[in-house]
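Working through the structure, step by step
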Amino acid sequence: MTPSDSPLRVVVMGVSGSGKSTLGRALGAALRAPFLDGDDYHTPQARARMHAGHGLTDADRAPWLARLRAELDAQGRVVLACSALKRTYRDALRAPGTRFLYLDVPEPLLATRLRQRPGHYAGTDLLPSQLATLEAPQRGEHDVLTLPVTATTTPAGLLAQALTALKVT
């Protein structure tokens, strides 16, 4: 089995604006693994709700998480960008071989980033509900690795952190 064939499922998680998609794309390329963006699996109704600044409920997220889990199950090696804000959401995604990378970003930096991406359905109005829903990784979640992100963290630097944390080069 070559390194690109070995089973590895990585979920890059965090609130809106944390850099999940940017890191996920780079990590997918580095690992020679398909990249899936959880945003692409939201229904138009869910996107409209978030665009209006309303967070999704657990009931709203359940079918979305089921679609994402099915994608993880279908892939032996994959990188997925997904908020995975609550432990129950992470539990729903815990396919065998899954590792989580939690992007821990200070709130002021998140707000700045969200203001700098006009046109995205998840804007600054959504940030308070995202932060209220967020359950940072808990004791016992040994498959979750925390990557601190600051204003000086570059995409290349974050990729290097991720590869080191995953123990892959």
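Residues numbered from 1 in each chain as written. Predicted model: local features only at pLDDT ≥ 70, side-chain atom pairs only at ≥ 80, totals over all residues. Heavy atoms only, no water.

Digging into the nonpolar core
Membership of the largest hydrophobic core comes to 44 residues, with the highest contact counts inside it found for Val10, Leu23, Leu27, Cys82, Leu93 and Leu101. For this core, the leading source of residues is helix H7 (residues 155-166), giving 6 residues. (Core = buried A, V, L, I, M, F, W, Y, C linked by side-chain atoms within 4.5 Å. Buried < 20%, exposed > 50% of the residue type's maximum accessible area, 1.4 Å probe, protein only. Helix = DSSP H or I, 4+ residues; strand = E, 2+ residues; numbered from the N terminus.)

Quick look at unusual backbone geometry
Its identity is not glycine, yet Arg32 carries a phi of approximately 55°, on the positive side. Summarising the element assignment, Arg32 is placed in the loop between helix H1 (20-31) and strand S2 (35-37). Positive phi is not limited to glycine here, since Ala84 has a value of about 45°. Tracing the backbone through its elements, the reader meets Ala84 in the loop between strand S3 (77-81) and helix H4 (87-93).

Some thoughts on the pattern of salt bridges
Inspection of every chain in the model, using the stated rule, returns 8 salt bridges. Arg25 serves as the salt-bridge partner of Asp37, at 4.0 Å between the closest nitrogen and oxygen. Taken as a pair, Asp37 in strand S2 and Arg25 in helix H1 lie far apart in primary sequence, 12 residues in all. For Arg25, a relative accessible area of 48% gives the class partly exposed. When the shortest N-O distance is used, the salt bridge between Lys86 and Asp58 registers 3.1 Å. (Salt bridge = Lys/Arg side-chain N within 4 Å of Asp/Glu carboxyl O.)

Keep in mind that these numbers describe shape and distance, not what the molecule does.
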